[in-house]
Amino acid sequence: MLPSKYHVRILFIGDIFGRPGRTLVKEKLSSLVKDHAIDLVLANGENAAAGFGITPALAEELFEMGIDVLTTGNHIWDKREIVDYFESADGNAHSPARRVLRPANYPPGMPGWGMYEGRKGDVPYAVINLQGRVFMAANDDPFRTIDQLLKSVKAKIIFVDVHAEATSEKIALGWHLDGRVTALVGTHTHVPTADERVLPNGTAYITDVGMTGPYDSVIGVKKELVVGKFLSNMPTRFEAATGDARLCAVVVDCDERTGHAKTITRLMIS
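Summarised in this report is the structure supplied together with it. (Residues numbered from 1 in each chain as written. Predicted model: local features only at pLDDT ≥ 70, side-chain atom pairs only at ≥ 80, totals over all residues. Heavy atoms only, no water.)

Okay, the overall build of the protein chain next. Regarding its fold elements, the protein chain presents six helices and twelve strands. The contacts of the protein chain with a sequence gap of at least 6 include a subset with a gap of at least 24, amounting to 66%. As displayed, the protein chain offers around 11900 Å² of accessible surface, 53% of which is attributable to carbon and sulfur atoms. Separation of charge centres in the protein chain, based on 30 positive and 33 negative side chains, amounts to 2 Å. (Helix = DSSP H or I, 4+ residues; strand = E, 2+ residues; numbered from the N terminus. Contact = heavy atoms within 4.5 Å. Areas by Shrake-Rupley, 256 points an atom, 1.4 Å probe, with all protein chains shown as cover. Lys, Arg positive; Asp, Glu negative; His and termini not counted. Charge placed at Lys NZ, Arg CZ, Asp CG, Glu CD.)

Structural data, given as structure tokens:
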């Protein structure tokens, strides 16, 4: 085993859904960081605002809890004030607004950024956010987008959140990037998968980290509303559920010298 000084431990928290998800992060994050000797905290926050989008105030609240970078996905534009928040970065590469990512493979000229490069202590790292195309809105190719982004990244530790519907697309991206990124984790489906592993060339992988939010629900939404929608096919206003809140996350242990992952551990706590 490597001396501890070469180890970097990354905690990635799955899709934070509404108040139940935010409350659980607030209650559990400090102990998770302590118990797992976490160096870097990442999370997907696109559903933080009552299950639909994220506001600047909620982003700042999550940063104050100890999260270093927030990724998102297809709900990033649900709260229009996020556009002004992105613009508030005003050239500051490390402002809080720069640490909220939207998928990098959105069309050129869209507000915001799909990659953040920073340092935690003396260790440089990069976080990249992608969105899938299968069963989702048409965007640029995530495979070729990340190929281009990686040409400019100098950090060895590179963490990728792929917000996608199709398991095949996420798995294919994992194999495509094996050995070139530290970890590739899937988000969006809100259901944790049991396929966490380190691929042969050193990339930690899981198809979906799972949701941090109410599990007495249908992927975070009040179950009676979703069941009614399926039964009637009538327009329905979805509302966030509240019961059985659980925090889903993964811990990735990696070597700061190579960027390769050593282990990936799946967590679900309530």
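And the narrative resumes.
Here we take up the sheet that holds strand β7 (residues 183–187). Strand pairing in a sheet is mediated by backbone hydrogen bonds. Such pairs are either parallel or antiparallel. Taking strand neighbours across the sheet as the criterion, the six strands line up as β4-β5-β6-β7-β9-β8 in an open arrangement whose pairing is mixed. Because the sheet does not close on itself, it has two edges, and the strands there are β4 (115–120) and β8 (197–198). Inspection of the sheet shows β7 paired to strand β9 (residues 204–206) by three bridges, in the parallel sense. Residue pairing in the sheet places leucine 184 in a bridge with tyrosine 205 of β9. Strand contacts of helix α5 (residues 167–177): β6 (157–163), β7, β8 and β9, with the helix running at about 170° to β7, the strand carrying the most contacts. (Pairing = 2+ DSSP bridges. Axes fitted to C-alpha atoms, helices over the stretch in contact; angles between N-to-C directions.)

What follows is about the environment of threonine 207. Its place among the elements puts threonine 207 in the loop between β9 and β10 (213–214). Separated by 2.8 Å, the side chains of threonine 207 and tyrosine 205 make a polar contact. (Polar contact = N/O pair within 3.5 Å; in protein donor to acceptor, adjacent residues only side chain to side chain.)

Tallied over the full model, the rule gives 13 salt bridges. Between glutamate 239 and lysine 222 there is a salt bridge, and its shortest N-O distance comes to 3.1 Å. One end of the pair, glutamate 239, is in the loop between α6 (223–232) and β11 (245–255); the other, lysine 222, is in the loop between β10 and α6, with 17 residues separating them in the sequence. Looking at glutamate 239, the relative accessible area reads 31%, which means it is partly exposed. (Salt bridge = Lys/Arg side-chain N within 4 Å of Asp/Glu carboxyl O. Buried < 20%, exposed > 50% of the residue type's maximum accessible area, 1.4 Å probe, protein only.)

These figures come from the coordinates and say nothing about function on their own.
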